[in-house]
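# Structural description and commentary
Listed below are the residues making up each chain.
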Amino acid sequence: QVQLVESGGGLVQAGGSLRLSCAASGRTFSTYTMGWFRQALGKEREFVAAFSWIDTSTYYADSVKGRFTISGDNAKNTVYLQMNSLKPEDTAVYSCIARRGGSVSYRPFDYDYWGRGTQVTVSS
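A brief look at the structure comes next.

We now examine the layout of surface pockets. The computed volume of the largest pocket comes to approximately 230 Å³. Together, 13 residues line the largest pocket, and Arg38, Ala40, Lys43, Glu46 and Glu89 are the ones closest to its centre. For the lining of the largest pocket, the residue count by class is 2 nonpolar, 3 polar and 8 charged.

This is the structure we're talking about:
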């Protein structure tokens, strides 16, 4: 079974940076798309960013474009989310996700595998 383990969350002041990591195991991920969703308290899950292992294409929610960068390290089976210029509205539980296929989906139910999540809190 696929296992996704996130790390790197924490507390940071507005304007600061964090880097999230998602270590994947259990499969060969060369034909997968991986990425991140987030869910703030009282709100629905929101797509953040995705990365295709097939062609290294990337996708971002409009709310994070220019601030967040997703990347992958094939040798480590790890996807990263570099988050810069963090805002209080970025506060959420960030979950690593994965799905078979190289195209992105912005719908949570299209992703087959989810990590347990890591908390990101941005103070003002």
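Once that is clear, we can look at the state of the cysteines. Within this structure, the stated rule accounts for 1 disulfide. The disulfide that involves Cys22 links it to Cys96, with 2.0 Å between the sulfurs. Between Cys22 and Cys96 the disulfide shows an S-S torsion of about -80°. By sign, it is left-handed. Within this pair, whereas Cys22 is found in strand β3 (residues 18–25), its partner Cys96 is found in strand β9 (residues 92–100), the two being separated by 74 residues in sequence. Taken individually, Cys22 and Cys96 each receive the classification buried, so the pair is uniform in this respect.

Our next topic: the pattern of salt bridges. Two side chains carrying opposite charge are able to pair once their charged atoms lie near each other. Under the defined criterion, the tally for this structure stands at 5 salt bridges. When salt bridges with common partners are traced through the structure, they connect Arg38, Glu46, Arg67 and Asp90 into a single cluster.

Quick look at the nonpolar core now. Of all hydrophobic cores here, the largest spans 37 residues; its most connected members are Leu4, Met34, Trp36, Leu81, Met83 and Tyr94. For this core, the elements supplying multiple residues, two or more each, are β3, β4 (32–39), β5 (46–52), β7 (68–73), β8 (78–83), β9 and β11 (118–123).

Moving on to the packing of aromatic side chains. Centre distance and the angle of the planes are the two values used to describe a pair of aromatic rings. Under the defined criterion, the tally for this structure stands at 6 aromatic pairs. The interplanar angle of 70° and the centroid separation of 5.3 Å between the aromatic rings of Phe29 and Tyr32 together place this pair among those described as edge-to-face. Residue Phe29 shares its accessibility class with Tyr32, and that shared class is buried. For the ring pair Phe37 and Tyr111, a centre distance of 5.5 Å and an interplane angle of 70° mean the geometry is edge-to-face. Here Phe37 is found in strand β4, whereas its partner Tyr111 is found in the loop between β9 and β10 (113–114), with 74 residues between them in sequence. The two residues Phe37 and Tyr111 agree in class, both being buried. One aromatic cluster is present, built from ring pairs that chain together Phe37, Phe47, Tyr106, Tyr111 and Trp114.

Another aspect to go through is the sheet that holds β8. Strand order in the open sheet formed by 4 strands is β1-β3-β8-β7, and the pairing between neighbours is antiparallel. The open sheet terminates on both sides in strands that have one partner only, identified here as β1 (3–7) and β7. Ignoring strand direction, the axes of neighbouring strands in this sheet form an average angle of 15°. Sheet topology places β7 next to β8; 6 bridges connect them, and they run antiparallel. The partner of Thr69 across the bridge, within β8, is Gln82.

Reading the values: the criteria
Residues numbered from 1 in each chain as written. Predicted model: local features only at pLDDT ≥ 70, side-chain atom pairs only at ≥ 80, totals over all residues. Heavy atoms only, no water. 1 Å grid on protein atoms, 1.4 Å probe; cavity = no way out; pocket = protein on both sides within 12 Å on 5 of 7 lines; lining within 4 Å. Points joined across faces, edges and corners; volume = space filled by probe spheres on them. Nonpolar A, V, L, I, M, F, W, Y, C, P; charged D, E, K, R; others polar. Disulfide = S-S within 2.5 Å. Helix = DSSP H or I, 4+ residues; strand = E, 2+ residues; numbered from the N terminus. Buried < 20%, exposed > 50% of the residue type's maximum accessible area, 1.4 Å probe, protein only. Salt bridge = Lys/Arg side-chain N within 4 Å of Asp/Glu carboxyl O. Core = buried A, V, L, I, M, F, W, Y, C linked by side-chain atoms within 4.5 Å. Phe/Tyr/Trp six-rings, centres within 6.5 Å; stacked < 30°, edge-to-face > 60°. Pairing = 2+ DSSP bridges. Axes fitted to C-alpha atoms, helices over the stretch in contact; angles between N-to-C directions.

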